[in-house]
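# Remarks on the overall topology
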Amino acid sequence: MQTNFLIIGSGISGLNFALHAAKKGEVILVTKKKLIDSNTNYAQGGIAAVLDKHDSAKNHIADTLEAGEYHNNKKAVEFMVKNSTESIYRLIELGVSFTKENDKLKLTKEGGHNKRRIAYVGDYTGQEIEQILVKRVKEHLNITILENAFALNLIAKNKICYGAQIIRKNKIDNIFADQTIIATGGLGQIYENTTNPLIATGDGIAMASRIGAKTEDLEFIQFHPSALAKKTSPRFLISETVRGEGAHLINSKKERFMNNRHPLKELAPRNIVAREIFKEVKTGPVFLDITNKSEDYLKNRFPKIFEKLLKYGINMSKDLIPITPAAHYSCGGIKTDIYGRTNIKNLFAFGEVACTGVHGANRLASNSLLEALVFSNQIIKQLKTKKTLQVLTIDRPKISPINSKKTKFAKKMKKEIQKIMWKHAGIVRNLKEINSIAIPKIQKITTTLQKTQNTNQTIAEALNMAQASLIILSSATKRKNSLGCHTVS
Ligand SMILES: Cc1cc2nc3c(=O)[nH]c(=O)nc-3n(C[C@H](O)[C@H](O)[C@H](O)COP(=O)(O)OP(=O)(O)OC[C@H]3O[C@@H](n4cnc5c(N)ncnc54)[C@H](O)[C@@H]3O)c2cc1C
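For clarity, every value in this text was computed on a predicted model and none was experimentally measured. (Residues numbered from 1 in each chain as written. Predicted model: local features only at pLDDT ≥ 70, side-chain atom pairs only at ≥ 80, totals over all residues.)

### Topic: the overall build of the protein chain
Broken down by element type, the protein chain carries 14 helices and 21 strands. In terms of C-alpha radius of gyration, the protein chain reaches 22 Å, essentially the compact-globule figure of 23 Å for 489 residues. Taking the principal axes of the C-alpha coordinates as reference, the protein chain spans close to 65 × 55 × 40 Å. A burial count over the protein chain gives 53% of its 489 residues as buried. Looking at the protein chain alone, contacts between residues at least 24 apart form 74% of all its contacts between residues at least 6 apart. (Helix = DSSP H or I, 4+ residues; strand = E, 2+ residues; numbered from the N terminus. Rg over C-alpha atoms; globule rule 2.2 N^0.38 Å. Buried ≥ 20, exposed ≤ 12 C-beta atoms within 10 Å, placed from the backbone. Contact = placed C-beta atoms within 7 Å.)

Now the structure itself:
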């Protein structure tokens, strides 16, 4: 197969870029599950932008830099904020119905924002954006959509990218493209506890680094303080706004432990709350308590959260909600300039997988959907379609059956990686232990998986998880002092 643009990933960045690219040439969009399977679909809170007359670009930039501990790329932050308002109006034009009051966008506030600047749709902003973008992409004749198509490797020679190898219907296809776009999202699944869905296995980071793409700031993994901690349920995120509406944090002794840990108590910055809960969960369970609010109020304010918790046997107006911190967002990624360019020719990266530098050492809440949108809007202006496509001869590895011994081994290794990363590269890191325990263990897993001759999605994901973990671990050891989301013990 040949195309002008090969886009890997169908979250906000991949879908939005596809709509622009389709105006310039042919697009193939591949995604490893269904189109809607993405981190984007899970976003609850909203999307930040300068939208209120009491706010300004200067304020939004200042808040972003403060949250990022001034480790941010200031030029990229200015670029993102300058283009923020236009990006929200583009979503509205495409059909996203943000919550309104008196015909005006209703804006909310989250931790770290000094002004109301977050546009939202109930507590399911990401789902609304994803569904609208999917609808628009499906309408476009220039876009070929390949679902259940797993990008295995990028095709590259001498630091030039020519496309990717895709596993689909149990065989491997080579797709050649003028421009290849990695929009594969996050890597939360390399941790035992994560708010990210199963697709987030760090494939983009691993694939790109295998062909020599540079990565940056991958030690800065943001942990969300409150994910549901029931044994039989996924780590469903309980939004910060639940604490904003008055929920207390209670430890196993039924003490409101944040009272003497920070002046803002439960509303202290995200990384501080996550660290304090992490300390508490070592000795017993931690709960969110919002039983001070009525069932009617909670159903109306948090419809999705209420419904989801009920599904897991928790009525949040009557029961305590067991929680744990969980890996949530990767602030770093494949190093790009503000035009999405990587150091590999014809290879671009947008969204969570990329590191434009906007988040610095710690992402400001609701800036990630914005980053994904702004950069995938702007870059297309720089890209031209060529007339000729180069085709290389590429070996196709053999597929391993899904119930093979090798696949079972890969599944086991995924769990092993998650445990090692949670223990050694989680909320608090001991650099000596990373060097002496975590790196050798993950290196051993990587070597074993690399020796596995036949492949399939599970085996490839396990290898990607191991390789992405190694980059995180080695970045962590290079940063000797705590900064932002990187806390050294
Ligand atoms: C629970 C939760 C709540 C959040 N809330 C907010 C919020 O309120 N505001 C905010 O700004 N941000 C929020 N975030 C973060 C935000 O949702 C993500 O950063 C953003 O959606 C990432 O978009 P993306 O397009 O980069 O990637 P994603 O939306 O993750 O999409 C990645 C796509 O790549 C595909 N893919 C991955 N690997 C491969 C492969 N090898 N082959 C083929 N396809 C592949 C996936 O299947 C998926 O379609 C939240 C995240 C989570 C998990």
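Alright, that's what it looks like, and here's the rest.
### Let's talk about the site of the ligand
Taken together, 42 residues are adjacent to the ligand, and Gly9, Gly11, Gly45, Gly185 and Gly351 come closest. Elements represented by at least two residues in the shell around the ligand include exactly helix H1 (12-21), helix H5 (125-139), strand E9 (150-157) and helix H11 (367-378). When its residues are assigned to classes, the shell around the ligand shows 15 nonpolar, 22 polar and 5 charged. (Near = placed C-beta within 6 Å. Nonpolar A, V, L, I, M, F, W, Y, C, P; charged D, E, K, R; others polar.)

### Notes on the domain arrangement of the protein chain
Taken domain by domain, the protein chain holds domain 1 (1-220 + 331-396), domain 2 (227-326) and domain 3 (405-488). Centre-to-centre, using C-alpha coordinates, domain 1 lies 24 Å away from domain 3. Counting from both sides, the interface comprises 27 residues of domain 1 and, opposite them, 25 residues of domain 3. Of all the elements in the fold, those that place two or more residues in the side of domain 1 that touches domain 3 are E9 and helix H6 (203-210). Considering each element in turn, the side of domain 1 that touches domain 3 owes the most residues, 4 residues, to H6. Residue composition of the side of domain 1 that touches domain 3, by class: 12 nonpolar, 10 polar and 5 charged. (Domains from an automatic or database assignment.)

### Considerations on the sheet that holds strand E19 (residues 354-355)
Ordered by their spatial adjacency, 3 strands build an open sheet running E12-E17-E19, and the pairing between neighbours is mixed. Two strands lie at the open edges of the sheet, namely strand E12 (215-216) and E19, each paired on one side alone. As paired strands, E12 and strand E17 (residues 333-335) are joined by 2 bridges and run antiparallel to one another. Residue pairing across strands places Thr215 opposite Ile334, the latter belonging to E17. In the packing of H6 onto the sheet, the strands contacted are E12 and E17, and the crossing angle to E17 comes to about 40 degrees. (Pairing = 2+ DSSP bridges. Axes fitted to C-alpha atoms, helices over the stretch in contact; angles between N-to-C directions.)

### Some words on unusual backbone geometry
Even without being glycine, Glu69 reaches a positive phi, approximately 60 degrees. Relative to the elements of secondary structure, Glu69 occurs in the loop between helix H2 (57-67) and helix H3 (74-82). On the basis of neighbour count, Glu69 is assigned to the partly exposed category, with 17 C-beta atoms found within 10 Å. Even without being a glycine, Lys265 presents a positive backbone phi close to 50 degrees. Lys265 sits in the partly exposed class, given 16 other C-beta atoms within 10 Å.

### Regarding the sheet that holds strand E6 (residues 107-108)
Reading across from one edge, E3-E7-E6 is the order of the 3 strands in this open sheet, with antiparallel pairing throughout. The sheet is open, and its two edges are formed by strand E3 (47-48) and E6, each paired on a single side. Pairing of E6 with strand E7 (residues 118-119) involves 2 bridges; the strand directions are antiparallel. Bridging from a neighbouring strand, Thr108 pairs with Ile118 of E7.

### With respect to the nonpolar core
Among soluble globular proteins, nonpolar side chains are generally buried collectively. The biggest cluster of nonpolar side chains holds 140 residues, and the ones touching the most others in it are Ile7, Ala18 and Ile181. Looking at this core element by element, the count peaks at 11 residues for helix H14 (residues 457-478). Other than its neighbours up to four places away in sequence, Ile7 contacts Gly14, Phe17, Ala18, Val27, Leu29, Ile181 and Ala183. (Core = buried A, V, L, I, M, F, W, Y, C linked by C-beta atoms within 7 Å.)

### Quick notes on the environment of Ala48
In this fold, Ala48 is placed in strand E3. Assessed through the 32 C-beta atoms surrounding it within 10 Å, Ala48 is described here as buried. Distance from Ala48 to Ser366, taken between C-alpha atoms, is 5.2 Å for residues 318 residues apart in sequence. Contacts of Ala48, omitting those with residues within four sequence positions, involve His60, His113, Arg117, Ile118, Ser366, Asn367 and Leu370.

### Thoughts on H3
Buried within H3 we find Ala76, Val77, Met80 and Val81. An end-on view of H3 places all buried positions within 130 degrees of arc, on one side of the element. Those residues of H3 that are buried lie in contact with H2, helix H4 (84-94) and H11. (Arc of directions from axis to C-beta.)

### Regarding H4
Along H4, the positions that sit buried rather than exposed are Ser84, Ser87, Ile88 and Leu91. Around the axis of H4, the buried residues are gathered within 100 degrees of arc, so they sit on the same side. Summarising the geometry of H4, the exposed residues directed more than 90 degrees from the buried face are Tyr89 and Glu93. As for H4, its buried residues are in contact with E3, H2, H3, E7, H5 and H11. Just beyond H4, the residue with positive phi is Gly95, at close to 125 degrees.

### Some points on the pairing of strand E10 (residues 160-168)
Along E10, 7 of the 9 residues are buried, which leaves the element largely enclosed by surrounding structure. With 7 bridges joining them, E9 and E10 adopt antiparallel strand pairing. Note that in E10 the partner of Asn153 across the bridge is Gln165. Linking E9 back to E10 in an antiparallel pair, the connection comprises 2 residues, with Asn158 at a positive phi of about 45 degrees. For E10 and strand E11 (residues 171-182), the ladder comprises 6 bridges, and the chain directions are antiparallel. Among the inter-strand pairings, Ile166 is bridged to a residue of E11, identified as Asp173.

### Brief notes about the environment of Ile379
Within the secondary structure, Ile379 sits in the loop between H11 and helix H12 (405-424). C-alpha of Ile379 to C-alpha of Ala76: the two residues are 303 residues apart in sequence and 13 Å apart in space. Excluding anything up to four places from it in sequence, Ile379 contacts Tyr339, Gly340 and Phe348.

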